[in-house]
Amino acid sequence: MINRTMYECVYNKIKSFLSTHNEFAPVVLKTPKGDKFPRVVVQMISNNEVGRDIGMHNVFSSVGIEIDIYAKNMTSGKVKYADMQVAEKIADDISFVCEDLFEMKRTLYSPTPNIDPDVYRLTLRYSALQDDKRNRFI
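Below, the structure is looked at part by part. Keep in mind that this is a model prediction, so the values were computed, not measured.

Here's the deal with the overall build of the chain
Link 1 in the chain: Per the secondary structure count, the chain includes two helices and eight strands.
Link 2 in the chain: Walking the chain from its N terminus toward its C terminus, one meets helices and strands in the order α-β-β-β-β-β-α-β-β-β.
Link 3 in the chain: C-alpha atoms of the chain, sized along the principal axes, occupy 60 × 30 × 25 Å.
Link 4 in the chain: Buried positions account for 41% of the 138 residues belonging to the chain.
Link 5 in the chain: Of all intrachain contacts in the chain linking residues separated by at least 6 positions in sequence, the fraction that spans at least 24 positions is 56%.
Link 6 in the chain: Accessible surface, the chain as shown: approximately 7900 Å² in total, 51% of it carbon and sulfur.
Link 7 in the chain: Each charge class in the chain can be summarised by its mean position, and for the 19 positive and 18 negative side chains these summaries are 4 Å apart.

So, unusual backbone geometry
Link 1 in the chain: Looking along the chain, the bond that leaves F37 and enters P38 is cis, with omega of -5°.
Link 2 in the chain: Tracing the sequence through the fold places P38 in the loop between β1 (27-29) and β2 (39-52).
Link 3 in the chain: In this model, A25 sits at a positive phi of 45°, which is unusual for a non-glycine residue.
Link 4 in the chain: A positive phi angle is found at E103, which is not glycine, with a value near 55°.
Link 5 in the chain: Residue placement: E103 occurs in the loop between α2 (83-101) and β6 (105-111).

Overview of the environment of A128
Link 1 in the chain: Mapped onto the fold, A128 is located in strand β7 (residues 120-131).
Link 2 in the chain: When the C-alpha atoms of A128 and E66 are compared, they prove to be 12 Å apart, with 62 residues separating the residues in sequence.
Link 3 in the chain: The contacts of A128, once residues within four sequence positions are left out, are S61, S62, V63, M104 and F137.

Examining α2
Link 1 in the chain: Helix length check: α2, at 19 residues, gives a terminal C-alpha distance of 26 Å against a target of 27 Å (1.5 Å per residue), a fit within 8%.
Link 2 in the chain: By the burial criterion, the buried members of α2 are D83, V86, A87, I90, A91, D93, I94, V97 and C98.
Link 3 in the chain: E103 occupies a position one or two residues after α2 and carries a positive phi of about 55°.

Details of the pairing of β2
Link 1 in the chain: Inspection of the sheet shows β1 paired to β2 by three bridges, in the parallel sense. Bridged to L29 within β2 is V41.
Link 2 in the chain: For β2 and strand β3 (residues 59-71), the ladder comprises twelve bridges, and the chain directions are antiparallel. Bridge pairing in β3 links V40 to I69.

Quick notes on the rules
Residues numbered from 1 in each chain as written. Predicted model: local features only at pLDDT ≥ 70, side-chain atom pairs only at ≥ 80, totals over all residues. Heavy atoms only, no water. Helix = DSSP H or I, 4+ residues; strand = E, 2+ residues; numbered from the N terminus. Buried < 20%, exposed > 50% of the residue type's maximum accessible area, 1.4 Å probe, protein only. Contact = heavy atoms within 4.5 Å. Areas by Shrake-Rupley, 256 points an atom, 1.4 Å probe, with all protein chains shown as cover. Lys, Arg positive; Asp, Glu negative; His and termini not counted. Charge placed at Lys NZ, Arg CZ, Asp CG, Glu CD. Expected span 1.5 Å × (residues − 1). Pairing = 2+ DSSP bridges.

Right, dumping it as structure tokens:
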């Protein structure tokens, strides 16, 4: 059985953390819909079984999560931010959630070409080993 529990935990924590701690208050979604910016899209990109214990009771999975940040030039208070600065500030908060709170491993941090030249896109990927029975990363 595919266990999506930890993906949902990461998604919900990113959503709540960004809404309370990030000055840009980005919209956090599971699909890239809408026209409000900045926008953060959190998707599970892999969930592969990598092993079982000797009794065949516990299943361990390798989980990959991709996070795309879409940003435009913005003003916060009286300060103007370039789209890249907005995306990087959001990425710093996402990094705190994924790396510090969930102890996931960052496997990618890269600007990604976007079809709209007015939108800057930054892609982050994280991976972790998950204990499917205990619903936690190990």
